[in-house]
Amino acid sequence: MSESQVYSNTDGRFLPDRYIEGTCPNCGYDKARGDQCENCTKQLDPTDLIEPRSAISGSTDLEVRETKHLYLMQAGMRGQLNDWIDSKDNWPILTTSIARKWLNDGDGLQDRGITRDLDWGIPVKRGDQDWPGMEGKVFYVWFDAPIEYIACAGEWAEAHGLDDAAWQRWWRTDMGADDVRYTQFMGKDNVPFHTLSFPATILGSGEPWKLVDYIKSFNYLNYDGGQFSTSQGRGVFMDQALDILPPDYWRWWLLSHAPESSDSEFTWENFQTSVNKDLADVLGNFVSRVTKFCRSKFGEAVPEAGEFGPDEQALIESVTTRVRAYEAHMEAMEVRKSAAELRGIWVAGNEYLQSVAPWTTFKTDPDKAAAQIRLALNLVRLYAVLSAPFVPDAAADMLAAMQTEDDSWPDDVPAALEVLKPGHAFTVPEVAFAKITDEQREDWQERFSGVRE
Ligand SMILES: [Zn+2]
């Protein structure tokens, strides 16, 4: 399709909208971009900008020229895409509502430009031949990147000396891919490309490529009353996060607060509470108390004496029910509910320990205390297995402390609570989770608050 686009004579190239800067006609911000004003969020066309200039060179020697771009003709597939989305009645509302908005709002689904004037990306060519009129253009990332989901399987096969059938079996329904369960996870801003554009590409090919079975989408995570901003240094980003605390702390908070039903907000107070209460007071405390008490009274091996009584049976039943609920939430990809159930399983162990109080029992009935601790040590191993999806490093440390490699899933919970036999040696682990102090919290709050203007 032919269209008008801004060309920079100084830079010798067409400029994509966001490579043009100028003053926002709406709010007067002098660094507005050709697609949007970051200050007032108004959507813009480059020609709206007052005193436009190239963001590459700063040059104002710009002119509007005719250029050609490729389009994905997805408007013509609106009915087919609509039927496909309608058939996904088990998908999250967030996913289908975004797809339907794009399908139906205004004049309905529009064709989408799939080429860009950028100096990085996959060049637009016909096979390995140049494509007249497409010189210097690359494919738009969201046309190009999903195709690589398939291509990476091809690269995997090639790297392992396998033939094409090895990867086609995952991706071609005529080559055995019908039994593949294909799930995508993404933030809501990427949903249109995965519910519409990429399916249009696949369906439009007329070839039997595997379509996604389930799209789990998430709302936005905000930062302390606003948005994360890389340019303003507002918020804590991956490299900084891992500099100050181990990955498990972040994983736990992010997963237990996943923005599933609405946007969620990171605050340092909430993060501190979650780490200190859930990880340190509940999980970490349980592991530490049980192993230290056993070491001091029975030595560093699972004690043998005593039988399980009604308290132990009640705990085993309660944990069994909770493990089945945890599995159901995990299967349904309900991340927050899974985290809450996992925490409930940790809490059940703590409450049991608090209620049977082996340190008191020991004074009058050491055999009974031994049985209680035998169960509790087995719970430590079970917790390691159950917690691995959320806090994998701590889970690995717990298994190592229990000196076992048995991380099999507890299909039978009572049996799983007898894996560590009497006499099995263990070690007392290092403190698994250190608490976040008020001083640290205040320091980080200040450090990641961004540039104040
Ligand atoms: Zn503005």
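Up top is the structure.
Residues numbered from 1 in each chain as written. Predicted model: local features only at pLDDT ≥ 70, side-chain atom pairs only at ≥ 80, totals over all residues. Heavy atoms only, no water.

Caption draft 1: Geometry of the pairing of strand E11 (residues 183-187). Alternating positions in E11 separate cleanly, Gln-184 and Met-186 being buried on one face and Thr-183, Phe-185 and Gly-187 remaining unburied on the opposite face. Both E11 and strand E12 (residues 214-218) contribute to a ladder of five bridges, which runs parallel. Paired with Met-186 across the strands is Ser-217, a residue of E12. Handedness of the E11-helix H5 (residues 191-205)-E12 crossover: right-handed. (Buried < 20%, exposed > 50% of the residue type's maximum accessible area, 1.4 Å probe, protein only. Helix = DSSP H or I, 4+ residues; strand = E, 2+ residues; numbered from the N terminus. Pairing = 2+ DSSP bridges. Right-handed = clockwise from strand over helix to strand, strands pointing away.)

Caption draft 2: A look at the packing of helix H10 (residues 335-356) against helix H12 (residues 366-387). Two elements in contact, H10 and H12, have axes whose closest approach is 11 Å; the angle formed by their N-to-C orientations is 170 degrees. Judged by the inter-axis angle, H10 sits roughly antiparallel to H12. In this structure, H10 uses Leu-342, Ile-345, Trp-346, Ala-348, Gly-349, Tyr-352, Leu-353 and Val-356 to contact H12, whose residues at the interface are Gln-372, Leu-375, Ala-376, Leu-379, Tyr-383, Leu-386 and Ser-387. Considering only residue class, the contact of H10 with H12 consists of twelve nonpolar, three polar and no charged. (Axes fitted to C-alpha atoms, helices over the stretch in contact; angles between N-to-C directions. Parallel < 35°, antiparallel > 145°, perpendicular 65-115°, else oblique. Contact = heavy atoms within 4.5 Å. Nonpolar A, V, L, I, M, F, W, Y, C, P; charged D, E, K, R; others polar.)

Caption draft 3: Quick peek at the sheet that holds strand E3 (residues 20-23). With antiparallel pairing, three strands are arranged side by side in an open sheet as E4-E3-E5. Either end of the sheet is taken by a strand with one partner, and the two such strands are strand E4 (32-33) and strand E5 (50-54). Here three bridges tie E3 to E5, and the two strands are oriented antiparallel to one another. Within the sheet, the bridge partner assigned to Ile-20 lies in E5 and is Ser-54.

Caption draft 4: Fine view of the coordination of the zinc ion. The zinc ion binds to the protein through Cys-24 (SG), Cys-27 (SG), Cys-37 (SG) and Cys-40 (SG); the donor distances cover 2.2 to 2.3 Å. Viewed at the metal, the four donor atoms of the zinc ion are separated by angles of 107 to 116 degrees, and the geometry they form is tetrahedral. Read N to C, the donor residues that coordinate the zinc ion are spaced as C-x2-C-x9-C-x2-C. Placement of Cys-27 in the loop between E3 and E4 and of Cys-40 in the loop between E4 and E5 is noted, with a sequence separation of 13 residues between them. On the basis of relative accessibility, which here comes to 23%, the residue Cys-40 falls in the partly exposed class. (Donors = N, O, S within 2.8 Å, 3.2 Å for Na, K, Ca; no water. Tetrahedral: all angles 85-135°; square planar, octahedral: opposite > 155°, others 65-115°.)

Caption draft 5: Examining the pattern of salt bridges more closely. Tallying each qualifying case throughout the model produces 22 salt bridges. Between Asp-213 and Lys-210 there is a salt bridge whose closest N-O contact spans 3.0 Å. On the basis of relative accessible area, Asp-213 is assigned to the partly exposed category, the value being 27%. Across the pair Glu-260 and Lys-216 runs a salt bridge whose closest N-O atoms are separated by 2.7 Å. In this pair, Glu-260 sits in the loop between helix H7 (247-256) and strand E14 (264-266) while Lys-216 sits in strand E12, placing the two residues 44 residues apart along the sequence. Given a relative accessible area of 6%, Lys-216 falls into the buried group. (Salt bridge = Lys/Arg side-chain N within 4 Å of Asp/Glu carboxyl O.)

Caption draft 6: The arrangement of the nonpolar core in detail. If you look at the biggest cluster of nonpolar residues, it comprises 63 residues, and the most contacted ones within it are Trp-250, Trp-268 and Phe-271. Breaking this core down by element, the ones donating at least two residues are helix H6 (238-244), H7, helix H8 (268-297), helix H9 (310-331), H10, H12, helix H13 (392-401) and helix H14 (413-416). Broken down by element, this core gets its largest block of residues, twelve residues, from H8. Residues in contact with Trp-268, not counting those within four places in the same chain, are Tyr-223, Asp-224, Val-236, Ile-244, Trp-250, Arg-441, Trp-444, Gln-445 and Phe-448. Trp-91, Ala-157, Trp-167 and Val-191 belong to the second largest nonpolar core, which has 36 residues in total. (Core = buried A, V, L, I, M, F, W, Y, C linked by side-chain atoms within 4.5 Å.)

Caption draft 7: H10, seen in detail. Compared with an ideal rise of 1.5 Å per residue, which puts 22 residues at 32 Å, H10 spans 32 Å between its outermost C-alpha atoms and is within 8% of the ideal. Just beyond H10, the residue with positive phi is Ala-357, at close to 40 degrees. (Expected span 1.5 Å × (residues − 1).)

Caption draft 8: Representation of unusual backbone geometry in the model. Not every positive phi belongs to a glycine, and Ala-357 is a case in point at roughly 40 degrees. Topologically, Ala-357 is positioned in the loop between H10 and helix H11 (358-364). Of note in the backbone geometry, Gln-403 takes a positive phi value of approximately 50 degrees without being a glycine. Locating Gln-403 in the fold gives a position in the loop between H13 and H14. The exposure class of Gln-403 is partly exposed, given its relative accessible area of 41%.

Caption draft 9: Broad picture of a negative patch on the surface. Negative charge collects at one region of the surface, where Glu-148, Glu-155, Glu-158, Asp-163 and Asp-164 lie side by side. When residues in the negative patch are grouped by element, the largest group, three residues, is from helix H3 (residues 141-159). Along the chain, Asp-163 falls in the loop between H3 and helix H4 (164-171). Under the relative-accessibility criterion, Asp-163 is labelled exposed at 52%. (Patch = residues over 30% accessible without salt bridge, like charges linked within 9 Å, V, L, I, M, F, W, Y side chains within 5 Å. Areas by Shrake-Rupley, 256 points an atom, 1.4 Å probe, with all protein chains shown as cover. Lys, Arg positive; Asp, Glu negative; His and termini not counted. Charge placed at Lys NZ, Arg CZ, Asp CG, Glu CD.)

Caption draft 10: A look at the environment of Asn-104. For Asn-104, the location among the structural elements is in helix H2 (residues 93-104). Residue classification places Asn-104 among the partly exposed residues on the basis of a relative accessible area of 34%. As a C-alpha pair, Asn-104 and Gly-450 span 346 residues in sequence and 39 Å in three-dimensional space. Filtering out sequence-adjacent residues up to four positions away, Asn-104 remains in contact with Arg-78 and Asn-82. Among the polar contacts listed, one links the side chain of Asn-104 to the side chain of Arg-78, at a separation of 3.3 Å. (Polar contact = N/O pair within 3.5 Å; in protein donor to acceptor, adjacent residues only side chain to side chain.)

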